[in-house]
Amino acid sequence: MADISLTLLSSLEKVMRNEPAENIDYNRFSMLNNEKKSFQLYIKADSETISLDIKSDLNCIKVFTVEYMPSGFAINKKTADDYVLRSKDGYYPDLLLPVEKSIKLENGCRTLWFEIDSENPLAAGEHSIELTVSDDDTAAGTSVMVEVIDCPLEKQSLIFTNWFHTDCLMQEYGVEAFSEKYWKIVENYLRTAVRHGMNCVLTPLFTPSLDIAVGGERPTVQLVDVTVTKGKYTFNFDKLLTWIETAQKCGIEYFEMAHFFTQWGAKFAPKIMATVNGKYKKLFWWRTLVISRKYKKFLTQFSTELNALLESLNLKNKVLIHVSDEPNMSHIFTYRIAAKLIHKLFKGYKIIDALSDFKFYSTGLIDTPIPANNHIEPFIGKVSELWTYYCCAQDDKYVSNRFFSIPSQRNRVLGYQLYKYDVKGFLHWGYNFWNTRYSKEKINPYEVTDAGGFFQSGDSFVVYPKADGTPLCSLRLKVFYDGFQDMMALQTLEKLTGRENALKVLEQGLDNELTFFEYPHSIEWQLATRERINKAIKENL
């Protein structure tokens, strides 16, 4: 007779390949009536396959297997701090695959991921989830008790953009830009992004000049058709209108217009294609310097028509404008030229750029800077709106990130930090970047998770491509959104009892105040804090 053992785990545990799960008692938790909630079940059995049976009055439970994905670059050992799962390359739990009828075990083990995800508010009260795992002749069971609190999460007010790379979708699925299949795939990926907190989308008015070397090129995904006849520009916005309509249908509220100048210095114009006297060609590209009078004339005419369109759609307050990504003081000359032009052409819009040098911000060339979370301290209390981001360089000072190799708690704690500092926006560059660095080659994300060995695994994407044109989620995406839900739960408590009390509940029992760099490195603290927030919400309804 086969032996089956079951261990219930929170969503914050990462069970490593061929290693036992810690015996953590996680059989009870609470949630608000409109949020998503996840937990895990670690199975060990003397069988090759098992089956799963779920009994619960909650009929919105999704089940996934946790799959191990390869990492050739787990962490930067020269810069990273010590709050990591491990620093060596290898396989890490990441991909979530929907469970089919039978579940195959790997070396007698398997971790299942359960997600409570309802389209409608859940009934208040306690709900039992009974789980039975069996093979041909043996069965084992366990159960989870879920308390649903009769209160919804506050609507997400933070603007979150996770750069959406449509050229990567085109390359992966072999579709042409703006074809019927293209729009359907874009919609599928946008819907998943929105369900995990993304309410702002990078909008390629012109092909984004991002993650390419000087002289390099990414596939054209330009939403605005440009025609030049006898030196005069005309613009067709039909594709942009389809983009906006599709995005809004999926739940997107904000539109982040792609940068009007190249990354890392604002030295050149982005690639802009046009039909010139009947011939489709590059109108502007790497040869177009920031001081180009021709490009200035083009932007002046283009901005006039774009502004009129956005105002007619009542979108002016929902549009974000970029100059150039990640400038620093060595770029001040070219960035100043570009920024002055963009501020002149887009008066009244929110103009944002990722930059982490407070001295650069002090020049007054940018309204809303977006510093990395390991460089955020000088900006706190000194900007009208605090935004932040992280990417491959944020692996020190214990700041939050979502690499394969870091604990899930370090991913999720961001939500508490965003609330504490009243952060208005969060940016990340990699929703689905399936290329090597500088976009020189396409990668297979199931085999290469580190952009060809250049970015720590987990930095450049949070979804995997499924053959049918839909995305598969990573557990990192689920945990990241749990952090957002923690933030919204605190906002819910604030609405009931005030911000001062919400902060008191958040920081209860801490020896030092919560910061972007200092917080308990503890799953137990993370979960207990959320339960304390939920309890306070329930008591103050």
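Anything mentioned here points back to the structure above.
Residues numbered from 1 in each chain as written. Predicted model: local features only at pLDDT ≥ 70, side-chain atom pairs only at ≥ 80, totals over all residues. Heavy atoms only, no water.

Caption draft 1: Highlighting the sheet that holds strand β8 (residues 109–116). The 5 strands lie next to each other as β1-β3-β8-β5-β6, forming an open sheet whose pairing is antiparallel. Each edge of the open sheet is held by one strand with a lone partner, namely β1 (4–10) and β6 (90–98). Here the average twist between neighbouring strands, direction ignored, is 30°. In terms of strand pairing, strand β3 (residues 37–45) meets β8 through 8 bridges, oriented antiparallel. Along β8, the bridge assignment pairs Q40 with W113. (Pairing = 2+ DSSP bridges. Helix = DSSP H or I, 4+ residues; strand = E, 2+ residues; numbered from the N terminus. Axes fitted to C-alpha atoms, helices over the stretch in contact; angles between N-to-C directions.)

Caption draft 2: How the structure looks around unusual backbone geometry. Not every positive phi belongs to a glycine, and A266 is a case in point at roughly 55°. In this fold, A266 is placed in the loop between β15 (254–257) and β16 (272–276). One non-glycine residue, N277, lies in the positive phi region at around 50°. With respect to the helices, strands and loops of the structure, N277 is situated in the loop between β16 and β17 (279–284).

Caption draft 3: Main features of the side chain of E35. Note that E35 resides in the loop between β2 (28–32) and β3. Using a relative accessible area of 3% as the deciding quantity, one classes E35 as buried. A distance of 2.8 Å separates a polar atom in the side chain of E35 from the backbone nitrogen of L32. For E35, the side chain forms a polar contact with the side chain of R530, separated by 2.6 Å. With near-sequence residues (within four places) excluded, E35 lies in contact with I116, L153, Q485 and R530. (Buried < 20%, exposed > 50% of the residue type's maximum accessible area, 1.4 Å probe, protein only. Polar contact = N/O pair within 3.5 Å; in protein donor to acceptor, adjacent residues only side chain to side chain. Contact = heavy atoms within 4.5 Å.)

Caption draft 4: Region of the structure containing the pattern of salt bridges. As enumerated under the stated definition, the model contains 32 salt bridges in all. The closest approach of N and O atoms between K478 and E115, which form a salt bridge, is 3.1 Å. Of this pair, K478 sits in helix α9 (residues 475–497) while E115 sits in strand β8, and the two are 363 residues apart along the sequence. The class for E115 is buried, based on a relative accessible area of 2%. (Salt bridge = Lys/Arg side-chain N within 4 Å of Asp/Glu carboxyl O.)

Caption draft 5: Molecular detail of the pairing of strand β5 (residues 61–71). Counting buried residues along β5, 10 of its 11 residues qualify, which places the element largely inside the surrounding structure. Where β5 meets β6, 8 bridges bridge the pair, whose relative direction is antiparallel. Across the sheet, Y68 pairs through a bridge with P93, a residue of β6.

Caption draft 6: Here's a closer look at the packing of aromatic side chains. Scanning the entire structure with this criterion turns up 45 aromatic pairs. Their ring planes at 45° and their centres at 6.0 Å tell us that F160 and F426 sit as a pair that is tilted. With F160 in strand β11 (residues 159–162) and F426 in strand β22 (residues 425–428), this pair connects stretches of sequence that are 266 residues apart. Of the two residues, F160 and F426, both sit in the buried class. (Phe/Tyr/Trp six-rings, centres within 6.5 Å; stacked < 30°, edge-to-face > 60°.)

Caption draft 7: Broad picture of a positive patch on the surface. On the surface, R293, K296, K344 and K347 cluster together to form a positively charged patch. Tracing the backbone through its elements, the reader meets R293 in helix α4 (residues 293–312). Given a relative accessible area of 75%, R293 falls into the exposed group. (Patch = residues over 30% accessible without salt bridge, like charges linked within 9 Å, V, L, I, M, F, W, Y side chains within 5 Å. Areas by Shrake-Rupley, 256 points an atom, 1.4 Å probe, with all protein chains shown as cover. Lys, Arg positive; Asp, Glu negative; His and termini not counted. Charge placed at Lys NZ, Arg CZ, Asp CG, Glu CD.)

Caption draft 8: Local environment of the packing of helix α2 (residues 180–195) against helix α3 (residues 238–250). Contact geometry for α2 and α3: axes closest at 9 Å, N-to-C directions at 40°. In terms of axis orientation, α2 runs oblique to α3. Read as a crossing pair, α2 and α3 show a hand that is right-handed. Residues Y182, W183, V186, E187, L190, R191 and V194 of α2 form the contact with α3, whose participating residues are K239, T242, W243, T246, A247, K249 and C250. Of the residues that constitute the contact of α2 with α3, the class distribution is 8 nonpolar, 2 polar and 4 charged. (Parallel < 35°, antiparallel > 145°, perpendicular 65-115°, else oblique. Left-handed = near helix turned anticlockwise from the far one by under 90°. Nonpolar A, V, L, I, M, F, W, Y, C, P; charged D, E, K, R; others polar.)

Caption draft 9: Representation of the side chain of T111 within the structure. Mapped onto the elements, T111 comes out in strand β8. Judged by relative accessible area, which is 5%, T111 ranks as buried. Other than its neighbours up to four places away in sequence, T111 contacts V15, Q40, L41, Y42, F64, T65, V66 and Y68.

Caption draft 10: Structural context of α3. The end-to-end C-alpha distance of α3, which contains 13 residues, comes to 19 Å, matching closely the 18 Å that a straight helix rising 1.5 Å per residue would cover. Of the residues making up α3, those classed as buried are L240, W243, I244, T246, A247 and C250. For α3, the angular spread of the buried residues around the axis is 165°, confining them to a single face. For α3, exposure combined with an orientation more than 90 degrees from the buried face picks out E245 and K249. (Expected span 1.5 Å × (residues − 1). Arc of directions from axis to C-beta.)

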